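Structure at a glance
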There are 4 protein chains.
Amino acid sequence: MSITFIQAQRMAEAAKKKAEEIGVAMNIAIVDEAAIIKLFIRMDNTILASVDISIKKARTSCLCGMDSGEVGKLSQPGGPLYNIELTNGGLVSFPGGILLKDSKGKITGAIGVSGGEVEQDYAVATVGAAAFKE
Amino acid sequence: MSITFIQAQRMAEAAKKKAEEIGVAMNIAIVDEAAIIKLFIRMDNTILASVDISIKKARTSCLCGMDSGEVGKLSQPGGPLYNIELTNGGLVSFPGGILLKDSKGKITGAIGVSGGEVEQDYAVATVGAAAFKE
Amino acid sequence: MSITFIQAQRMAEAAKKKAEEIGVAMNIAIVDEAAIIKLFIRMDNTILASVDISIKKARTSCLCGMDSGEVGKLSQPGGPLYNIELTNGGLVSFPGGILLKDSKGKITGAIGVSGGEVEQDYAVATVGAAAFKE
Amino acid sequence: MSITFIQAQRMAEAAKKKAEEIGVAMNIAIVDEAAIIKLFIRMDNTILASVDISIKKARTSCLCGMDSGEVGKLSQPGGPLYNIELTNGGLVSFPGGILLKDSKGKITGAIGVSGGEVEQDYAVATVGAAAFKE
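Residues numbered from 1 in each chain as written. Chains lettered and ligands numbered in written order. Predicted model: local features only at pLDDT ≥ 70, side-chain atom pairs only at ≥ 80, totals over all residues. Heavy atoms only, no water.

Listed per partner, the contact involves 16 residues of chain B and 16 residues of chain A. When the two sides are added together, the surface that chain B and chain A hide from each other amounts to roughly 1500 Å², 57% of it contributed by carbon and sulfur. It is Phe5, Lys38 and Arg42 of chain B in chain B that bury the most area against chain A; as a group they hold 39% of the surface buried on that side. The interface formed by chain B and chain A includes four salt bridges. A salt bridge links Asp44 of chain B to Lys38 of chain A; the shortest N-O distance between them is 2.6 Å. There are 13 residue pairs in polar contact (both at pLDDT 80 or more) connecting chain B and chain A. Elements that contribute at least two residues to the side of chain B that touches chain A include exactly α1 (5–22) and β2 (37–42) of chain B. Where strand β2 (residues 37–42) of chain A meets β2 of chain B, three bridges bridge the pair, whose relative direction is antiparallel. (Contact = heavy atoms within 4.5 Å. Buried area = accessible area lost by both parts, 1.4 Å probe. Salt bridge = Lys/Arg side-chain N within 4 Å of Asp/Glu carboxyl O. Polar contact = N/O pair within 3.5 Å; in protein donor to acceptor, adjacent residues only side chain to side chain. Helix = DSSP H or I, 4+ residues; strand = E, 2+ residues; numbered from the N terminus. Pairing = 2+ DSSP bridges.)

Below, the structure is given as structure tokens:
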């Protein structure tokens, strides 16, 4: 089942609240099970590069069926998916994208966050993803 | 001055409420003065083509400095801007994109709506644009 | 022979001076005989869509071997080159792009201008092109 | 505040003079605070690949909020932003792009230079960036 607008909105609000708590302007993107954008918000004064990165983190997680940071473990030189980032119109393989699954383990979408340090992005995405399951 | 997140959120909410009133699922996209995406929402069950169209309507209005439907009056066969839609990564020249200006007449962004009949899209975008000025 | 930097600079200065005379902010793009950008200037406060359009007008003129407006006469519905604008990464078929040839009739580049009414763009491009031959 | 044409022109002239001093043909690109091209010049006989690289160096610096070479320190295999170059339509993460900020620390644009060895590109970009502050 596809992610609903209500779910996406709840996730974005939770993630945005977390971003405000740590004091970093973030972009928050949520895609459905086909990696099509469902919701996107850009807080004021984010780094411009992070707009596209947040969306690509969400897309990457959904398209690859794993968190974006997991892709990065496989895409390094010598790794099994070396330079997979060049496919699918551009993927992002560092943390900040989290896959969403329903109770049966089926992919329902993903959230991608960008704007701060990678660890901050991941923390905010984690909070957003947790709100999906509420 | 660039559109703020608060302004974009208020616009999206007003537009979404209008879309719900007329009972049509819509995509609502808001861009800043450089035509960079600021906020995007997709209601449940929109036609998939309308995702990209809503964003391009907003981009078109901002980049061309006029509502998207005004571009269409100039881009018809034999018109002065025939096939301008092929520039700037793809423009959309039918109604549903509305330009936003501040009190000094400076471009601050644009809203683009897609999902219903063109007249419906335009009506929803108009309500969203009106909320910018509140 | 390829257009030189000195020639491109002289053309851009002449075109910019004309744009200032008519009081319209313009983008001026000059490409070489392979349609590769040689010089580009954006005056302050041009319409954003016109950045890409100026470059595509120059590219179109060079790639098609004729002024951009001549392409538009052939690309209309029912015409021999209908929708040729979709090719070559996007062409622009309204006036404002002018082909440059050397004394032997060989293509040496093109100039593209955008920012005002089509007639204004064409007038500015004409002045720029004339400076090529000096 | 956005970079002005006068500023961009002064920067390009200073950079070009430096390139001539070291005897290497260079491309010099300047973008505004939204990473949109403001001015571009290609000296005669530059390597063709360097045209796009100079523009992407300027875009990268502006979009990422740091000099292009700084991005490269983070984007190496195993680094926190590995393969970020695949985002935003293509970034360049080696030196030659320099970020421009106003006296309040706000991003106003960037300059990108390419055509010589990376150290030469960086030296020329540095001279161009210094002319911004005059």
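Now that the structure has been shown, we can carry on.
Here we take up the relation of the copies chain D and chain C. Superposing chain D onto chain C requires a rotation of 180° together with a translation of 0.0 Å along the rotation axis, leaving an RMSD of 0.1 Å. Classification of the inter-copy transformation places it as that of a two-fold axis. Nearest to the rotation axis, the C-alpha of Phe40 of chain D is located 2.4 Å from it, this being the minimum over chain D. When the interface residues of chain D are mapped onto chain C, 100% of them are again interface residues, pointing to one common binding face. (Least-squares fit on C-alpha atoms with pLDDT ≥ 70 in both.)

Below, the discussion takes up the sheet that holds strand β4 (residues 107–114) of chain D. Here eight strands make up an open sheet; going across it, the order is β3(C)-β4(C)-β1(C)-β2(C)-β2(D)-β1(D)-β4(D)-β3(D) and the pairing antiparallel. One side of each edge strand has no neighbouring strand; the edge strands of this open sheet are β3 (97–101) of chain C together with β3 (97–101) of chain D. Pairs of neighbouring strands in the sheet enclose a mean axial angle of 15°, with direction left out of account. Seen against the sheet, helix α1 (residues 5–22) of chain C touches β1 (27–32), β2 (37–42), β3 and β4 (107–114) of chain C together with β2 (37–42) of chain D and runs at an angle of roughly 25° to β2 of chain C. Sheet strands touched by helix α4 (residues 118–132) of chain D: β3 and β4 of chain D. Its angle to β4 of chain D, the strand with the most contacts, is close to 150°. (Axes fitted to C-alpha atoms, helices over the stretch in contact; angles between N-to-C directions.)

So, on to the interface of chain D and chain C. Each partner contributes residues to the interface: chain D has 16 residues there, and chain C has 16 residues. Among the residues chain D hides against chain C, the three largest losses belong to Phe5, Lys38 and Arg42 of chain D. Together they make up 39% of the total. A salt bridge links Asp32 of chain D to Arg42 of chain C, with the shortest nitrogen-to-oxygen separation between them at 2.9 Å. Taken together, chain D and chain C are joined by 13 residue pairs in polar contact (both at pLDDT 80 or more). Of all elements in the fold, only α1 (5–22) and β2 of chain D reach the threshold of two or more residues within the side of chain D that touches chain C. The greatest single-element share of the side of chain D that touches chain C, amounting to six residues, is contributed by β2 of chain D. Looking at the side of chain D that touches chain C residue by residue, the classes come out as ten nonpolar, one polar and five charged. (Nonpolar A, V, L, I, M, F, W, Y, C, P; charged D, E, K, R; others polar.)

Residues and elements named next belong to chain D. Counted by the stated rule, this structure contains 24 salt bridges over all chains. A salt bridge links Asp121 to Lys57; the nearest nitrogen and oxygen atoms lie 3.1 Å apart. One end of the pair, Asp121, is in helix α4; the other, Lys57, is in helix α2 (residues 49–64), with 64 residues separating them in the sequence. Comparing Asp121 with Lys57 shows no difference in burial state: the two are buried. (Buried < 20%, exposed > 50% of the residue type's maximum accessible area, 1.4 Å probe, protein only.)

A regular strand carries its side chains on alternate faces of the sheet. Residues and elements named next belong to chain D. Burial analysis of strand β1 (residues 27–32) places six of its six residues in the buried class, the great majority of the element. Alternating positions in β1 separate into two faces, Asn27, Ala29 and Val31 on one and Ile28, Ile30 and Asp32 on the other, with burial throughout. Bridging between β1 and β2 involves five bridges; their strand directions are antiparallel. Paired with Asn27 across the strands is Arg42, a residue of β2. Counted along the chain from β1 to the antiparallel partner β2, the turn is four residues long, and its residue Ala35 has a positive phi close to 70°.

Residue and element names in this part refer to chain B. Look at α1 against helix α4 (residues 118–132): their axes get within 8 Å of each other, and the N-to-C directions meet at 145°. Note that α1 runs across α4; the crossing there is right-handed. Touching Gln7, Arg10, Met11, Ala14, Ala15, Lys18, Ala19 and Ile22 of α1 are Gln120, Ala123, Val124, Val127, Gly128, Ala129, Ala131 and Phe132, all from α4. Split by residue class, the contact of α1 with α4 holds eleven nonpolar, three polar and two charged. (Left-handed = near helix turned anticlockwise from the far one by under 90°.)

What follows covers unusual backbone geometry. Residue and element names in this part refer to chain D. One non-glycine residue, Asn45, adopts positive backbone phi at about 70°. Tracing the sequence through the fold places Asn45 in the loop between β2 and α2. Judged by relative accessible area, which is 77%, Asn45 ranks as exposed. You will see that Asn88, though not glycine, has its phi angle at about 55°, which is positive. Here Asn88 shows up in the loop between α3 (68–74) and β3.

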